[in-house]
Each structure stands twice: as C-alpha cells, then as structure tokens.
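One letter stands for each residue in the lines below.
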Amino acid sequence: MEEIIARISRGSKMDQIYIPKNRMGLENGEFVIIKSLSEQIKEKKSIGKANLYFYRIKKIEPIKIKIFNEIFSVIENNMNSYDNIIITGSVLEMGFRFNDIDIIILSEEKIKENILKEKIESKTGIITHIICLSEKALRRGLGTDPLYQSMLSKCISKKRIIFKLKRKIEYKTLDLHLLKSEPMAYSFDILSGEQKYHLTRNLMSIKLFLENKKVNNESINREIIRLFKLNDINDMKNNLLEKKKFLLKYRDLYKQLSDIILKNIKNGSKQK
Amino acid sequence: MVQNRNKLIILLVGNISNSIIHIILEQSVNKPELTDKYRKESISSFEIAKKYREKMNPLAEFFPQNDIEYIKKRIIIKVTAELRRRIASGYKNINLSLVEREVNRAMKILKISS
C-alpha cells in the first residue's frame, strides 16, 4: 500500500498538503486518510513493545519477544476475557536450549487448553505448556507453594503482577511436592543431567521456602552449588556428578525435609 | 541386558508406587485444590511407568510369574511404608486396604499381570 510522508503547508484560505505528481497509487479523486506521523510512530512503538512487564529479566533475545507477542495475540483472539498472561520457565534464559514455553493464563473463564495449545503451537512451531488458573488460585499458590514462587521469580507478563504476599506454610502441599524429588534415590543412573537438576531444584525450593528465604532461580542454584560443593550448576546439568557423594547428601537432605514436614503435619493435626 | 532389565524394574516399581501413593492420598483428602494436585501427580507418575513398561519384554504378553510376584511385593512394601509414615504423622482417612487392589489394577493396565 502506498504511503507518502508530506508536510502541511499554510494557505491563504485553506491549508494544503503537496504530494508528487509522479507517484504509485493515490489517484486523483481518491479519498485518503490524513494522520499525524508522530502519533503513528508512537502507536507502532507501543504495538512492538505490547506493554509487557518483565520480572528479574536482565536481557532477552528480541526474537523471543516476537514469539511471545504472537502467543498473546492467539490467546486474545481465542478468549473473551482474561486477567493476565504470564510467560515463564526455561524460555526466559538466554539462548535457545529450552524444551517448551510455559504459559500461565489467569482467567475465570473456562478454557479449552488443548485447542489453545494446538493453535499456539501451529502458529509458533514450539511446544507449549499451558496452565490455567484463577487470579485467586495464583495468589494463594504464591503464598503457600515454593513451586509457584520459583516459577514466577522470573517471568514476562501482559499486565502488572503484584507480588506482595504473606508466606503461609501448608505442610501437606510441601509433602506432595517433596515426593516428586524421591525418584532420584532409585533412578540416579538412568536420569539425564537436566532431570537430576529438576529433582534437586524441587528439593532445594522446598528447603528455602521452609527457611523463609527467597525462592528464585538464583537462590536455588546458589544453594545447590553450596550444599553439593559443585563448581558450577552446569556440572549437574551436564551430568558430571559423583554418584556416591551426591546421593549421600541428597538422601540426607530429603530425609531432613521429610521429617520436618511430617512432624509439622503431626503437630498441626494434634492442634486441631 | 539382565542388569538393564533390573534397572527398568526398579524404575517401574518406583513410578507405579508413586502413582498409587497419590491415588490413595487423593481419596483421603477432601480439599479440591489438593485432590487435583494428587491426581495430576498420580497420572504423571503412571505415564512415566508406562514408558518404562514399553521398554521391557515381553511387550504384548504378561511378565513371568517370578517377576510378577517380585514387582507386586516391592510395590506393596513401598506404598504401605510411605502411607504408614503419613498415618503416623496425622494424615486421616488413609485406607491401606486399597493398596493391593490398586497394585493389581495398575499391573493389569500395564500388562504386567492378568
């Protein structure tokens, strides 16, 4: 479509815009829209940024932002209303070593996750993992669940997220999460480095949560390195662990956490 | 090969056990937010167990009787121990009599036994 930039000139009775006679399209007699260029630049800029909110993200590849905007537009076109859309997970780390894109949709509306997933995947070609929640459930989860805290410690959202939440420990929920880390004990040899990292990460997020410390990627990795005496977190991700030494500490920590959790469940039930 | 099969059996037992623990815990609570989480966890462990089963022979037939007995025994011991720890910690309404039924059901679905 032909677009011409021209200046408005002052006339005696009416102002006018001169455009070159030698042009493609915009024929004489045709109706056109006159719009301020500065306004249009502002509009384009805001479409490019799509008013995203970044949490604990120092740097991210622009191509990923383009993909996220595509995802947001697919969701907006397929939903009547939503409270927020949040992108989280390994996709937000620098580089392209992620397996999928984790999307949290906050909405009271019932969502057909599979259909939405298919649409996003056909548009972006990337596997997505959609979690649908109400805002209330997210707020509750953030206050009681270390997984939610670590998940949202680094994220990009469509609307602002308010994180001021009071932490409340629900030991039965922690017991449930802790069981997820149990397979390390019997499947060390068969697990990949990334799988070992995920199980340990889960364990460590529960530890930090119980100690009332911040639960985010940096604090979790720091604690894993410190406790298992690693040089770098990639030692674990690249499967370079010393089995005997590692499992000894892992089992010990698992048992400690399990004892604390079960003891508190016991005390809780006695109080009732 | 034999060693590999033993490792797969350990993984199979671990994941079936985890799935059954969550099924029984799910039935013991009446908090919807917890039951959903237990259900999801039990499904995900069972799906992993399915993948390990697919790597083991005989694929289309049931396991030999000694394997069936060993797997069943290991699962029952593991599930019961985990559930007993929770009962001792104050978990209510955990029905241990469901363990064997759930183990048989899982082994049937996974074509380990008839």
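Residues numbered from 1 in each chain as written. Chains lettered and ligands numbered in written order. Predicted model: local features only at pLDDT ≥ 70, side-chain atom pairs only at ≥ 80, totals over all residues.

What follows deals with the overall build of chain B. Within chain B, the secondary structure is distributed over 4 helices and 0 strands. The N-to-C order of helical and strand elements in chain B reads α-α-α-α. The C-alpha radius of gyration computed for chain B amounts to 14 Å, which stays within 12% of the reference 13 Å derived for 114 residues, consistent with globular compactness. C-alpha atoms of chain B, sized along the principal axes, occupy 45 × 25 × 25 Å. Expressed as a percentage of its 114 residues, the buried residues of chain B come to 34%. Put simply, of all contacts in chain B between residues at least 6 apart along the chain, 76% involve residues at least 24 apart. (Helix = DSSP H or I, 4+ residues; strand = E, 2+ residues; numbered from the N terminus. Rg over C-alpha atoms; globule rule 2.2 N^0.38 Å. Buried ≥ 20, exposed ≤ 12 C-beta atoms within 10 Å, placed from the backbone. Contact = placed C-beta atoms within 7 Å.)

What follows deals with the packing of helix α8 (residues 193–210) of chain A against helix α9 (residues 217–227) of chain A. When two helices pack together, you describe them by how their axes are tilted relative to each other and by the distance separating the axes. Residue and element names in this part refer to chain A. Orientation of α8 relative to α9, taken along the N-to-C sense of each, is 105 degrees, at an axis distance of 9 Å. By the angle class used here, α8 and α9 are roughly perpendicular. Side by side, α8 and α9 meet where Thr200, Arg201, Met204, Ser205, Lys207 and Leu208 of the first sit next to Ser219, Ile220, Glu223 and Ile224 of the second. When grouped by side-chain class, the residues that make up the contact of α8 with α9 number 4 nonpolar, 3 polar and 3 charged. (Axes fitted to C-alpha atoms, helices over the stretch in contact; angles between N-to-C directions. Parallel < 35°, antiparallel > 145°, perpendicular 65-115°, else oblique. Nonpolar A, V, L, I, M, F, W, Y, C, P; charged D, E, K, R; others polar.)

What follows deals with the nonpolar core. Judged by nonpolar contacts, the single largest core of 43 residues is most densely connected at Ile261 of chain A together with Leu12, Ile16, Ile20, Ile21, Ile24 and Ile75 of chain B. Sorting the residues of this core by element identifies α6 (171–180), α8 and α11 (243–271) of chain A together with α1 (2–28), α2 (32–54), α3 (65–88) and α4 (98–109) of chain B as the ones contributing at least two each. Of the residues forming this core, the biggest block, 9 residues, is contributed by α1 of chain B. Setting aside residues up to four positions removed in sequence, Ile21 of chain B forms contacts with Leu179 of chain A together with Val79, Glu82 and Leu83 of chain B. Formed by 21 residues, the second largest nonpolar core is a distinct cluster that contains Ile104, Ile120, Leu138 and Ile156 of chain A. (Core = buried A, V, L, I, M, F, W, Y, C linked by C-beta atoms within 7 Å.)

Moving on: the domain arrangement of chain A. Residue and element names in this part refer to chain A. Entries for chain A in the domain assignment read domain 1 (51–157) and domain 2 (171–267). Averaged C-alpha coordinates put domain 1 and domain 2 at centres separated by 26 Å. Taken together, the contacts link 9 residues of domain 1 with 10 residues of domain 2. For the side of domain 1 that touches domain 2, the element with the highest residue contribution is helix α5 (residues 146–151), accounting for 4 residues. Classifying every residue of the side of domain 1 that touches domain 2 by side-chain character gives 2 nonpolar, 4 polar and 3 charged. (Domains from an automatic or database assignment.)

Okay, the packing of helix α2 (residues 62–78) of chain A against helix α3 (residues 113–124) of chain A next. All names here are of chain A. Across the interface, α2 lies against α3 with an axial gap of 10 Å and an inter-helix angle of 145 degrees. For α2 against α3, the interelement crossing comes out right-handed. Across the interface between the two elements, Ile67, Glu70, Ile71, Val74, Ile75 and Asn78 from α2 touch Leu116, Lys119, Ile120, Lys123 and Thr124 from α3. Class assignment for the residues of the contact of α2 with α3 results in 6 nonpolar, 2 polar and 3 charged. (Left-handed = near helix turned anticlockwise from the far one by under 90°.)

The subject of this paragraph is the pairing of strand β5 (residues 101–106) of chain A. Residues and elements named next belong to chain A. Counting buried residues in β5 gives 5 out of 6 residues, a clear majority hidden from the surface. Across 5 bridges, strand β4 (residues 84–88) lies against β5 in antiparallel orientation. What sits directly across from Ile85, in β5, is Ile105. The pairing of β5 with strand β6 (residues 128–133) spans 6 bridges and is classified as parallel. Across the sheet, the residue bridging to Ile104 is Ile131, located in β6. Assessed by its sense of winding, the connection that carries the chain from β5 through α3 to β6 is right-handed. (Pairing = 2+ DSSP bridges. Right-handed = clockwise from strand over helix to strand, strands pointing away.)

At the junction of the two partners, chain B supplies 14 residues and chain A supplies 17 residues. For the side of chain B that touches chain A, the elements supplying multiple residues, two or more each, are α1 and α2 of chain B. Considering every element that reaches the side of chain B that touches chain A, the biggest residue donor is α1 of chain B, with 6 residues. Here the residues of the side of chain B that touches chain A sort into 6 nonpolar, 4 polar and 4 charged.

The subject of this paragraph is unusual backbone geometry. Residues Asn57 of chain B and Pro58 of chain B are joined by a peptide bond in cis, for which omega reads -5 degrees. In this fold, Pro58 of chain B is placed in the loop between α2 and α3. Unusually for a residue other than glycine, Arg56 of chain A sits at a positive phi of about 55 degrees. Here Arg56 of chain A lies in the loop between β3 (53–55) and α2. Given 12 C-beta atoms within a 10 Å radius, Arg56 of chain A is considered exposed. Of note, the phi angle at Lys229 of chain A is positive, near 50 degrees, even though the residue is not glycine.

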